[in-house]
Amino acid sequence: MINRFISALVCILTSTCYFSNAQNFQRTSTGVKTKFGSSEIEIRFYSPSIVRILKSPESGMIVKESLSVIKTPEKTSFSVKLVGEELQLSTTDIQVAYNQKNGQLSYGTPRQKKLLREKASGSSFKPFNDAGSQTYSVTQVFDLEKDESIYGLGSQQQGRMVQRNLKLNMVQGNTDDYVPFFQSVKGYGLFWDNYSPTVFEDGPGGTSFQSEVGEGIDYYFMYGGNADGVIAKMRDLTGQAPMFPLWTYGFWQSKERYKSQNELVDVVKKYRELGVPLDGIIQDWQYWGNNYLWNGMEFLNGEFYNPKKMVDDVHALNAKMIISIWSSFGPHTKPFREMEKQNMLLNFETWPQAGTDTWPPNMDYPSGVRVYDAYNPAARDIYWKYLKKGIFSLGMDGWWMDSTEPDHLSFKPEDFDNKTFLGSFRKVRNAYPLMTVGGVAERQKLDSEAKRVFILTRSAFAGQQRFGANMWSGDVTASWQALENQISAGLNFSLTGIPYWNSDIGGFFLSKFPLKLNDPEYRELYVRWLQFGAFTPMMRSHGADAPREIYQFGTRGGKAFDAIEKFIHLRYRLLPYIYSTSWEVTARQSSMMRALMMDFAEDQKVLDINNQFMFGKAILVAPVTQPMYIKVAQGAGSPEEDFSTIKSKEVYLPQGASWYDFWTGEKSIGGRNINKKAPIDIIPLFVKSGSIIPLGPKVQYAKEKDWSNLEIRVYPGANGSFTLYEDENDNYNYEKGVYSTITFDWDNARRTLVIGSRKGSFPGMLKARKFNVVLVGEGQVMRNLEGDDSFDKIISYSGKKVAVEF
């Protein structure tokens with residue numbers, strides 16, 4: 001008894017605690033420190049639901065400033081007790097159990113729900129010589145339940161939803177982008193905070209991360225209860241996603257590449273002449289001139305004779321422009337010369353390899369292009385200095401940051417020995433996109449808050465959501481399988497906590513379609529890809545080998561042209577829904593592209609569905625990913641279009657809701673497969689009962705008309721709510737509370753729609769408006785797509801609460 005009293009007193013006074021038959025541990029303000037053999041272990045709470053685990057192979061804990069994590073530990077109450085061999089640390093949300101006999105950590109909830117455990121003896125440290133620095137390769141193995149579904153790990157082209165029974169060599173690439181984070185259907189997430197080349201493997205031996213370089217093991221366990229909750233924890237840890245301007249959600253046209261400023265401006269003019277909506281145009285590479293001037297951040301190509309006029313001409317047509325910038329510089333550029341003097345350039349082969357434009361590259365004339373050390377804050381300053389002076393000053397609206405992984409060609413292992421500001425390139429390899437994208441985003445915002453940062457980037461790493469970046473899936477080769485693969489790639493990427501993703505509509509390379517736009521199968525593929533793109537965070541047409549503008553696909557009245565135009569118009573009608581959803585992403589840690597398991601985790605059938613998703617919380621999207629209207633020619637003949645029979649696509653409607661066909665209003669019960677007819681201008685879209693969807697006016701660009709006459713579509717069958725968000729559409733005043741919200745609540749039993757009092761205000765806010773309500777009913781066709789006046793109720797609204805019965 002006396003010994004126990006003394007032990008307790010020592011524990012209280014010194015924070016060093018002893019239990020009988022147990023190793024000692026030291027209690028800290030954030031958790032505990034202890035030893036297992038020669039290694040040291042720290043359990044550090046960052047919040048009641050987030051805990052960091054640090055394991056060092058030798059005396060002395062890891063001292064590391066995370067590149068991804070920006071949260072500091074908040075004051076968290078926790079208890080410590082010994083139960084048998086286990087040291088149990090409990091907060092209000094999670095329980096961490098440390099087995100002092102075998103060093104195993106396990107995780108659960110205070111109510112004894114088991115979530116995850118390390119494999120016994122699953123931690124390993126192998127001495128490693130990293131470019132002359134003695135360090136370790138580190139591995140941690142976990143035990144997951146046999147049928148446990150996990151998601152995330154980045155954006156890959158494998159077409160898989162559930163990330164089990166696979167091996168990933170995690171090094172950033174053109175079309176495969178890695179985030180060492182996964183979340184489980186059980187409601188927890190795990191972030192492996194390491195930036196070196198890493199192997200993720202799941203198989204009979206367990207689920208593991210193995211990284212080439214690490215001072216020790218460093219990972220975060222978080223519990224959110226469900227997918228949205230886990231994403232909220234990951235963003236709490238690594239940063240919140242800011243809002244993009246409204247115009248980024250319109251339609252974007254691009255190609256590889258517009259070869260003059262006249263060509264680029266003429267594309268915008270042509271869209272305006274046709275009356276097809278467009279909000280953005282993108283200039284790809286070589287506006288700087290030859291490859292020795294690569295990424296010079298100046299318009300040195302004579303075809304861009306007056307870049308300020310080009311930007312002004314685009315703006316005069318009520319469009320926006322973003323431009324390609326790279327992570328490397330040619331030897332004749334000013335940034336190269338300045339950085340070279342300060343050892344800020346890395347030495348490995350990158351794109352372009354030759355100074356000439358011929359293919360294959362003529363290596364008699366090496367380009368001398370080198371990647372810059374984005375890990376160096378002074379190098380990031382230089383990068384922005386030239387970008388600001390040469391391009392941002394012209395009024396450029398945003399950035400297309402290409403090769404942010406970056407391109408690493410003719411790879412040699414010793415390339416990783418390159419010295420960066422933070423150590424070897426090997427040590428920090430996978431965080432390159434985070435550093436270079438963050439460098440531009442942070443400096444632009446410091447210089448001006450009048451324009452929100454918008455960056456289109458080819459690669460991403462954990463935490464990149466805080467930098468106003470939308471990642472695209474790289475230079476994929478066009479095929480039907482590639483289209484289907486984009487769905488699971490975007491969904492798993494979103495499940496890492498980074499909400500903004502898109503793909504090149506139509507695929508980048510057309511090598512599988514030698515006839516290019518003359519191939520009817522490719523035209524059908526392009527239409528289906530564009531229809532999918534209408535329900536991603538950025539709707540952007542781009543590619544090589546053939547132009548992709550709508551007028552390249554025929555004229556109005558043609559099947560392809562009309563289908564493309566229809567979905568561009570639909571995208572614009574949905575802008576109030578999309579922009580409000582983007583606010584949910586920023587303010588409530590939501591996601592725009594939602595795997596079905598996010599909203600229907602209790603339905604076992606949805607857990608591995610890789611070809612359907614929710615766009616926001618109301619609309620189920622089932623893209624068509626197989627050709628339907630091609631007649632295969634006999635012999636050596638070319639394939640032909642055949643629209644004589646309307647084909648169907650099978651769609652699974654999740655349990656727990658009734659579903660309305662977006663196009664017909666037909667109602668179906670969830671939990672079953674149905675066949676939906678899919679002519680070339682239709683993809684299956686279903687709306688969950690209880691949803692409320694605002695539709696905007698028919699416009700040519702996002703801000704052409706105000707939202708004074710929104711259509712409000714109510715889908716009965718369950719109670720529902722929707723918050724309409726509005727602000728100035730650009731700048732950062734929303735961060736200061738300069739915005740308004742209006743909440744719509746549907747009471748299904750009373751058949752009553754309540755429009756709440758408006759909250760907040762902003763300059764230019766509508767004081768009075770009309771809401772044109774459509775109560776969607778059985779057999780009702782999708783009306784008002786063209787903006788006619790057929791409504792069930794027209795409600796005048798001036799900011800005060802209104803209740804309307806149906």
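Keep in mind the model is a prediction, meaning the values are calculated, not measured. Residue numbers run consecutively from 1 along every chain, following the written order of its sequence. With pLDDT at 70 or above as the cut-off, local features in this predicted model cover only qualifying residues; side-chain atom pairs require 80 or more to be listed or tallied, and sums for whole chains, interfaces and linings still use all residues. No hydrogens and no water enter the side-chain calculation; it runs on all heavy atoms of the structure.

Trainee: How should the overall build of the protein chain be read in this particular structure?
Mentor: Helix numbering and strand numbering both begin at the N terminus, where a helix is a DSSP run of H or I of at least 4 residues and a strand a DSSP run of E of at least 2. Along its length, the protein chain carries 13 helices and 49 strands. With the radius of gyration taken over C-alpha atoms, the globule rule is written as 2.2 Å times the number of residues to the power 0.38. The C-alpha radius of gyration computed for the protein chain amounts to 28 Å, which stays within 12% of the reference 28 Å derived for 806 residues, consistent with globular compactness. Along the three orthogonal principal directions, the C-alpha set of the protein chain runs to about 90 × 75 × 60 Å. Relative accessible area decides the class of each residue, using a 1.4 Å probe on protein chains only: under 20% of the type maximum gives buried, over 50% gives exposed, and in between gives partly exposed. Across the 806 residues that make up the protein chain, the buried fraction comes to 62%.

Trainee: Help me understand the nonpolar core, please; the structure alone is not making it clear to me.
Mentor: As a rule of thumb, soluble globular proteins bury nonpolar side chains together. Ranked by size, the top nonpolar core spans 211 residues in total, and within it Y383, W399, F535 and F771 carry the most contacts. With eight residues, helix α11 (residues 559-573) is the largest single contributor of residues to this core. The criterion used for residue contact is that any of the two residues' heavy atoms lie within 4.5 Å. Setting aside residues up to four positions removed in sequence, F771 forms contacts with L710, I712, L724, I742, F744, I755, K793, I794, I795 and Y797. Residues grouped as a nonpolar core are buried Ala, Val, Leu, Ile, Met, Phe, Trp, Tyr and Cys residues, joined through side-chain atoms within 4.5 Å. With 37 residues, the next largest nonpolar core counts Y98, L115, L153 and W192 among its residues.

Trainee: Which parts of the structure should I look at to understand the pattern of salt bridges?
Mentor: Oppositely charged side chains may form a pair once their charged atoms are brought near each other. We define a salt bridge as a contact between a side-chain nitrogen of Lys or Arg and a carboxyl oxygen of Asp or Glu at a distance within 4 Å. A full pass over the atoms with the stated rule returns 43 salt bridges. Between E212 and R426 there is a salt bridge, and its shortest N-O distance comes to 3.4 Å. Residue E212 is found in strand β17 (residues 206-214), and its partner R426 is found in helix α7 (residues 425-428); the two are separated by 214 residues along the sequence. For R426, a relative accessible area of 8% corresponds to the buried category. Of the charged contacts, one joins D661 and K676 as a salt bridge, the two residues approaching to 2.7 Å between their closest N and O atoms. Residue D661 is found in strand β37 (residues 658-661), and its partner K676 is found in strand β39 (residues 672-677); the two are separated by 15 residues along the sequence. Connected via shared salt-bridge partners are D402, E405, D407, R458 and D475.

Trainee: Help me understand the packing of aromatic side chains in this model?
Mentor: By convention, a stacked pair of Phe, Tyr or Trp rings (six-membered ring in the case of Trp) has centres within 6.5 Å and planes under 30 degrees apart, an edge-to-face pair has planes over 60 apart, and any other such pair is tilted. What the rule picks out here adds up to 64 aromatic pairs. Between F329 and Y383, the ring centres sit 5.6 Å apart and the planes meet at 65°, which makes this aromatic pair edge-to-face. Placement of F329 in strand β22 (residues 328-329) and of Y383 in helix α6 (residues 377-390) is noted, with a sequence separation of 54 residues between them. Judged on exposure class, the residue F329 and its partner Y383 are both buried. Three or more aromatic residues joined by ring pairs form one cluster here, namely W285, Y287, W288, W294, F299, F304, W326, W351 and W359. In this scheme, the term charge over a ring applies when either NZ of a lysine or CZ of an arginine sits within 6 Å of the ring centre and within 35 degrees of the ring normal. The ring of F806 carries K793 above its face, with NZ or CZ at 5.8 Å from the centroid.

Trainee: Please explain the pairing of strand β45 (residues 752-755) as it appears in this structure.
Mentor: Working note: regular strand, side chains alternate between the two faces of the sheet. Here four bridges tie strand β44 (residues 739-747) to β45, and the two strands are oriented antiparallel to one another. The residue of β45 that forms the bridge with W746 is L753. What sits between β44 and β45 in their antiparallel hairpin is a turn of four residues, with R751 showing a positive phi close to 50°. Pairing between strands requires that DSSP locate at least two bridges from one strand to the other. Pairing of β45 with strand β49 (residues 802-805) involves four bridges; the strand directions are antiparallel. When the bridges of β49 are listed, T752 appears paired with E805.

Trainee: How do you make sense of unusual backbone geometry when you look at a structure like this?
Mentor: Negative phi is the rule for most residues except glycine; trans is the rule for most peptide bonds. A cis geometry characterises the amide bond from W351 onward to P352, with omega recorded as -5°. Inspection of the secondary structure assignment puts P352 in the loop between α5 (334-341) and β23 (370-371). Within the chain, N295 stands out as a residue other than glycine whose phi angle is a positive 55°. The residue N295 is located in the loop between β20 (280-283) and α4 (307-316) in this model.

Trainee: Which parts of the structure should I look at to understand the sheet that holds strand β48 (residues 793-797)?
Mentor: One key point about sheets: their strands pair by backbone hydrogen bonds, in either a parallel or an antiparallel sense. Taken in spatial order, the four strands line up as β41-β42-β47-β48 in an open sheet, and their pairing is mixed. Of all the strands in the sheet, the pair left with one neighbour each is β41 (692-695) and β48. For this sheet, the mean inter-axis angle between neighbouring strands, taken without regard to orientation, is 25°. Pairing between β41 and strand β42 (residues 709-714): four bridges, direction antiparallel. Residue pairing for β42: I693 is matched across the bridge by R713. Fitting a line to C-alpha atoms yields each axis, with helices limited to the stretch in contact; the angle taken between N-to-C directions then spans 0 to 180 degrees.

Trainee: Could you clarify how one ought to interpret the confidence of the model for the protein chain in this entry?
Mentor: Detailed reading of the predicted model is not advised wherever pLDDT is low. Looking at any residue, its pLDDT shows the predictor's confidence there, from 0 to 100. Chain-level pLDDT for the protein chain is 95 on average; 95% of the residues reach the 70-or-more range. Across residues 1-10, where pLDDT falls below 50, the model places four contacts with residues more than four positions away in sequence or in other chains. With pLDDT under 50 throughout, residues 18-22 is counted as low confidence; its partners more than four residues away or in other chains account for ten contacts.

Trainee: Explain the packing of helix α9 (residues 480-494) against helix α10 (residues 520-533) here, please?
Mentor: Packed helices, taken two at a time, are described by their axes: the angle between them and the distance between them. Between α9 and α10, the shortest axis-to-axis distance is 10 Å and the interhelical angle comes to 5°. By the angle between their axes, α9 is roughly parallel relative to α10. Here α9 contributes W480, A482, L483, Q486 and I487 to the contact with α10, which in turn contributes E521, E524, L525, R528, W529 and F532. Split into classes, the residues belonging to the contact of α9 with α10 amount to seven nonpolar, one polar and three charged. Relative orientations are named as follows: roughly parallel for angles under 35 degrees, roughly antiparallel for angles over 145 degrees, roughly perpendicular for angles from 65 to 115 degrees, and oblique for any other angle. As a working rule, the residues Ala, Val, Leu, Ile, Met, Phe, Trp, Tyr, Cys and Pro are called nonpolar, Asp, Glu, Lys and Arg charged, and the rest polar, with Gly in that last group.

Trainee: Would you mind going over helix α12 (residues 575-588) with me for this structure?
Mentor: An α-helix turns once per 3.6 residues; consequently, residues spaced three or four apart project the same way. Expected span of a helix: the number of residues minus one, times 1.5 Å. For α12, which comprises 14 residues, the first-to-last C-alpha distance of 19 Å matches the rise-based estimate of 20 Å (1.5 Å per residue) to within 8%. With respect to burial, α12 is a largely interior element, twelve of its 14 residues being buried. Following α12 by one or two positions, Q589 has its phi on the positive side, about 55°.

Trainee: What's the story with the sheet that holds strand β9 (residues 105-108) in this structure? I'm lost.
Mentor: The strand order across the open sheet formed by nine strands is β6-β7-β8-β9-β10-β11-β17-β16-β13, and the pairing between neighbours is antiparallel. Every interior strand has two partners, whereas the edge strands, β6 (79-83) and β13 (166-170), have only one. Here the average twist between neighbouring strands, direction ignored, is 20°. Note that strand β11 (residues 133-143) and β17 share six bridges and pair antiparallel. Bridged to F142 within β17 is T207.

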